Amino acid sequence: MDQAVNAANLGAAAAGGLSLWSLFLQAAIVVKLVMIGLVVSSVIVWAIIFDKIVTIRRVNRQASDFEERFWAGGSLEDLYESDGAKPIHPMAAVFGAAMGEWRRSSRIAGIDLVHGGVQDRVNRAMSITITREMDRLNRWLIFVATIGPVAPFIGLFGTVWGIMHAFGSIAAMHNTNLSVVAPGISEALFATAIGLVTAIPAVIAYNVIGNSLGVFEDRLDAFGTEFAAILSRQSEERG
């Protein structure tokens, strides 16, 4: 009976000593710094993920609303004044850049809208605007792309350092009992676990968000191509 009670007490003590918080507190200073760095990186990654999800949904919704007004058959001049002159979302910015360049060119006295290089300038304006808007949407995504592959190795570094520290403690105690070895090894492996928990969502999010942004960029390119054709047709009608 006494042996059963002692075994139960030892088991409870071991469970308490191997809690996540205890593993952190008992870890070497280098391993603690690795863990803190990984946790901070994970928080930043999740903040970026939520921001990108919200942003992608918003710009797609704004683009859909804008396309409805664009294809409703209203005046392009009125649409430019209401949305293109001071754009608040990427598609309106693409429309505003093209429409603004076309309006400025059409006001030049004696300009040939068909053969005067107007279409090239309009296409260039839209291309530059799409690039600028996508750069803005991709901002901070490079951090997620970096943390994904790097975090496991940072965690592994903490693990290696922790194991070295644990072996040093074992050598100093001259004791290879599992109760002596387990805490040090557990602290070291905890760093790798944090690295994986940080890296896995980062890799998944980067692929999903990157694909969504690629689809949105294709949407902007398609709109730009269609709008360029409309402006080309209007130029020929004026010419």
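No experiment lies behind these values; they were computed from the predicted model shown.

What counts and what doesn't
Residues numbered from 1 in each chain as written. Predicted model: local features only at pLDDT ≥ 70, side-chain atom pairs only at ≥ 80, totals over all residues. Heavy atoms only, no water. Salt bridge = Lys/Arg side-chain N within 4 Å of Asp/Glu carboxyl O. Helix = DSSP H or I, 4+ residues; strand = E, 2+ residues; numbered from the N terminus. Buried < 20%, exposed > 50% of the residue type's maximum accessible area, 1.4 Å probe, protein only. Patch = residues over 30% accessible without salt bridge, like charges linked within 9 Å, V, L, I, M, F, W, Y side chains within 5 Å. Areas by Shrake-Rupley, 256 points an atom, 1.4 Å probe, with all protein chains shown as cover. Core = buried A, V, L, I, M, F, W, Y, C linked by side-chain atoms within 4.5 Å. Contact = heavy atoms within 4.5 Å. Axes fitted to C-alpha atoms, helices over the stretch in contact; angles between N-to-C directions. Parallel < 35°, antiparallel > 145°, perpendicular 65-115°, else oblique. Left-handed = near helix turned anticlockwise from the far one by under 90°. Nonpolar A, V, L, I, M, F, W, Y, C, P; charged D, E, K, R; others polar. pLDDT = per-residue confidence, 0-100. Polar contact = N/O pair within 3.5 Å; in protein donor to acceptor, adjacent residues only side chain to side chain.

## Observations concerning the pattern of salt bridges
Here is step 1 of the chain: Per the counting criterion, the structure on display carries seven salt bridges.
Here is step 2 of the chain: Between Arg136 and Glu133 there is a salt bridge whose closest N-O contact spans 2.7 Å. Residue Arg136 and its partner Glu133 are both found in helix H6 (residues 118-137); the two are separated by three residues, about one turn of the helix.
Here is step 3 of the chain: A relative accessible area of 33% places Arg136 in the partly exposed class.
Here is step 4 of the chain: Where salt bridges share partners, they join Glu77, Glu81 and Arg103 into one cluster.

## A closer look at a nonpolar patch on the surface
Here is step 1 of the chain: A cluster of nonpolar side chains, namely Phe153, Leu156, Val160 and Met164, defines an oily patch on the protein surface of about 430 Å² accessible area.
Here is step 2 of the chain: With respect to the secondary-structure elements, Phe153 resides in helix H7 (residues 141-173).
Here is step 3 of the chain: Of the residues examined, Phe153 reaches a relative accessible area of 60% and is grouped as exposed.

## Comments concerning the nonpolar core
Here is step 1 of the chain: If you look at the biggest cluster of nonpolar residues, it comprises 51 residues, and the most contacted ones within it are Met35, Phe66, Phe70, Phe95, Met99, Phe223 and Phe227.
Here is step 2 of the chain: Counting only elements with at least two residues in this core, the list comes to helix H2 (20-26), helix H3 (29-70), helix H4 (76-84), helix H5 (90-106), H6, H7 and helix H8 (178-238).
Here is step 3 of the chain: Broken down by element, this core gets its largest block of residues, 15 residues, from H8.
Here is step 4 of the chain: Beyond its immediate stretch of four places on either side in the chain, Met35 contacts Phe24, Ala27, Glu187, Phe190, Ala191 and Ile194.

## Here's the deal with the packing of H5 against H6
Here is step 1 of the chain: For the pair H5 and H6, interaxial distance at closest approach is 9 Å and the crossing angle is 155°. Judged by the inter-axis angle, H5 sits roughly antiparallel to H6. Judged by the twist between their axes, the crossing of H5 over H6 is right-handed. On the side of H5, the interface is formed by Pro90, Ala93, Val94, Ala97, Ala98, Glu101, Trp102 and Ser105, while H6 contributes Val118, Arg121, Val122, Ala125, Met126, Thr129, Ile130, Glu133, Arg136 and Leu137.
Here is step 2 of the chain: Here the contact of H5 with H6 is composed, by residue class, of twelve nonpolar, two polar and four charged.

## Focus: the confidence of the model for the protein
Here is step 1 of the chain: In this model, the protein carries a mean pLDDT of 84, and residues with pLDDT of at least 70 account for 83%.
Here is step 2 of the chain: Averaged pLDDT values for the elements of the protein fall to 42 in helix H1 (residues 2-17) and rise to 95 in H3.
Here is step 3 of the chain: Of the regions scoring below 50 in pLDDT, residues 1-16 engages in one contact with residues more than four places distant in sequence or in other chains.

## A look at unusual backbone geometry
What you tend to see is this: most non-glycine residues have negative phi, and most peptide bonds are trans.
Here is step 1 of the chain: Phi is positive for Trp140, close to 75°, though the residue is something other than glycine.
Here is step 2 of the chain: Within the secondary structure, Trp140 is located in the loop between H6 and H7.
Here is step 3 of the chain: Look at Trp140 and you get exposed, because its relative accessible area is 57%.

## Description of the side chain of Gln119
Here is step 1 of the chain: Secondary-structure assignment places Gln119 in helix H6.
Here is step 2 of the chain: At 3.1 Å, the side chain of Gln119 and the backbone oxygen of Ala228 are in polar contact.
Here is step 3 of the chain: With sequence-adjacent residues up to four places away left out, Gln119 is seen in contact with Ala228, Leu231 and Ser232.

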